[in-house]
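The primary structure of each chain is shown beneath.
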Amino acid sequence: MKPRSSATVTDTSQLQLPIWPQDLRGLPNAFARSALFTVANMRKGERKHMKRSLIATVSGIKIEYTGEELRQDDEDCFLQILHIARNQELGTAVRFTAYSMISELGWTKNTSSYKRLVDCLDRMKASSITLTVAAKQGGQEGYSGSLIRSFRWREEGDGQTPMREWEILLEREIISLFNPHSYSRLDWKMRLKLPALEKWLHSFYHTHAQPFPYKVETIHGLTGSEIALKDIRKFRYKLKKALENLVEHGFFASAMIDPRTDLVHVLRNRQHISIVER
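Residues numbered from 1 in each chain as written. Predicted model: local features only at pLDDT ≥ 70, side-chain atom pairs only at ≥ 80, totals over all residues. Heavy atoms only, no water.

**Some details on the nonpolar core**
Our working definition: What makes a nonpolar core is a set of buried Ala, Val, Leu, Ile, Met, Phe, Trp, Tyr and Cys residues whose side-chain atoms join them at distances within 4.5 Å. Only protein chains enter the calculation, and the probe is 1.4 Å; a residue is then buried if its accessible area is under 20% of its type maximum, exposed if over 50%, and partly exposed in between. Here, residues are in contact when the closest pair of their heavy atoms is within 4.5 Å.
Formed by 78 residues in total, the largest nonpolar core has its most connected members in Phe-31, Leu-117, Leu-201 and Tyr-205. Setting aside chain neighbours within four positions, we find Phe-31 in contact with Leu-36, Phe-37, Phe-78, Ile-129, Leu-131, Leu-147 and Leu-177.

The following block contains the structure:
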């Protein structure tokens, strides 16, 4: 599989992420092509706890994960943290207000959202990822570490006032996931409008300029769906609706599930591709 990246060439000996435009977000292709961030309901249900568990991925990628299950709201947070951090050297403090983060994520501005943000950051800090990717020139490339090295905040007043001041550190080695052909740029405004399954498809197909067909069963595994494989018919129905939604949003020019082969066929909207290739 040939990854598509709209990234400009980046010297990976440097410790700063590539600079992408304000309305886009950068994500490593290996993360988008896996069940690292699942499509399970972001606000309901117990999250699984994993220990050196193999995450479903496309061929050529291997991810071993320890920690609490990550979902699409965690990916939203991670994308925004990377976006802020791209303007400075990795390993230096990334500072922001909780209010600005919640506003950017489109969450309701209340105490529950502040707690939700803490939970997302805590999950990513407590995570451990070992990633191996087959390199184009032969051999392998990899990353081992957490999504967030540390974070801290200060709560004002008597504990009833929402938390305000935040500071996060990212692992310096995460730069290895942002080689010119190993990450993609996502349309942030569109992503924030989407439900969980559509968000996953949006990230996944951003890594494909010319997508080839995938089996519904394959996509089911890669999304980490909570729908059991024995109920694949239910997942197929949800996937069909999600694909139609992404056509309506202009991400796909067309999308369908072949009833004979159960293969998912999508065609990227060329106008949208040009937007994220700026």
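Having seen the model, we can carry on.
**With respect to the layout of surface pockets**
Just so we agree on the cut-off: A cavity, in this analysis, means grid points on a 1 Å lattice covering only the protein atoms where a 1.4 Å probe fits yet has no way out; a pocket is instead an open set bounded by protein on both sides within 12 Å along at least five of seven lines, and a residue lines either one if it has an atom within 4 Å of a point. Grid points are joined across faces, edges and corners, and a volume is the space filled by probe spheres set on the points. A run of H or I in DSSP becomes a helix once it reaches four residues, and a run of E becomes a strand once it reaches two; helices and strands are each numbered from the N terminus. Any residue that is not Ala, Val, Leu, Ile, Met, Phe, Trp, Tyr, Cys, Pro, Asp, Glu, Lys or Arg is counted as polar, Gly included; the first ten are nonpolar and the last four charged.
Considering only enclosed or pocket space, the second largest pocket measures out at about 200 Å³ in volume. Top element by residues in the lining of the second largest pocket is helix H4 (residues 111-125). It accounts for five residues. Among the residues making up the lining of the second largest pocket, the classes are represented as one nonpolar, two polar and 10 charged.

**Topic: helix H7 (residues 216-223)**
Along H7, the positions that sit buried rather than exposed are Val-216, Ile-219, His-220, Leu-222 and Thr-223. With its phi angle positive at about 65 degrees, Gly-224 sits one or two positions after the end of H7.

**Comments concerning the sheet that holds strand E7 (residues 128-134)**
Test applied: Pairs of strands are assigned from DSSP output, requiring at least two bridges between the strands. Each axis is a line fitted through C-alpha atoms, and for a helix only the stretch in contact is used; angles between axes span 0 to 180 degrees, taken between their N-to-C directions.
If you trace the four strands from one edge of the open sheet to the other, you get E3-E4-E7-E8, paired in antiparallel fashion. Looking at the sheet topology across the chains shown, the edges are occupied by strand E3 (49-55) and strand E8 (140-145). Going from strand to strand, the sheet's axes swing by 5 degrees on average, the running direction of each strand aside. Examined bridge by bridge, strand E4 (residues 61-68) and E7 share six bridges and lie antiparallel to one another. Bridge assignment links Lys-62 to a residue of E7, and that residue is Thr-132.

**Comments concerning the confidence of the model for the protein**
This is how it is decided: The predictor attaches a confidence to each residue, and that confidence, scored 0 to 100, is pLDDT.
Mean pLDDT over the protein: 89, with 88% of residues reaching 70 or higher. With pLDDT under 50 throughout, residues 1-12 is counted as low confidence; its partners more than four residues away or in other chains account for 44 contacts.

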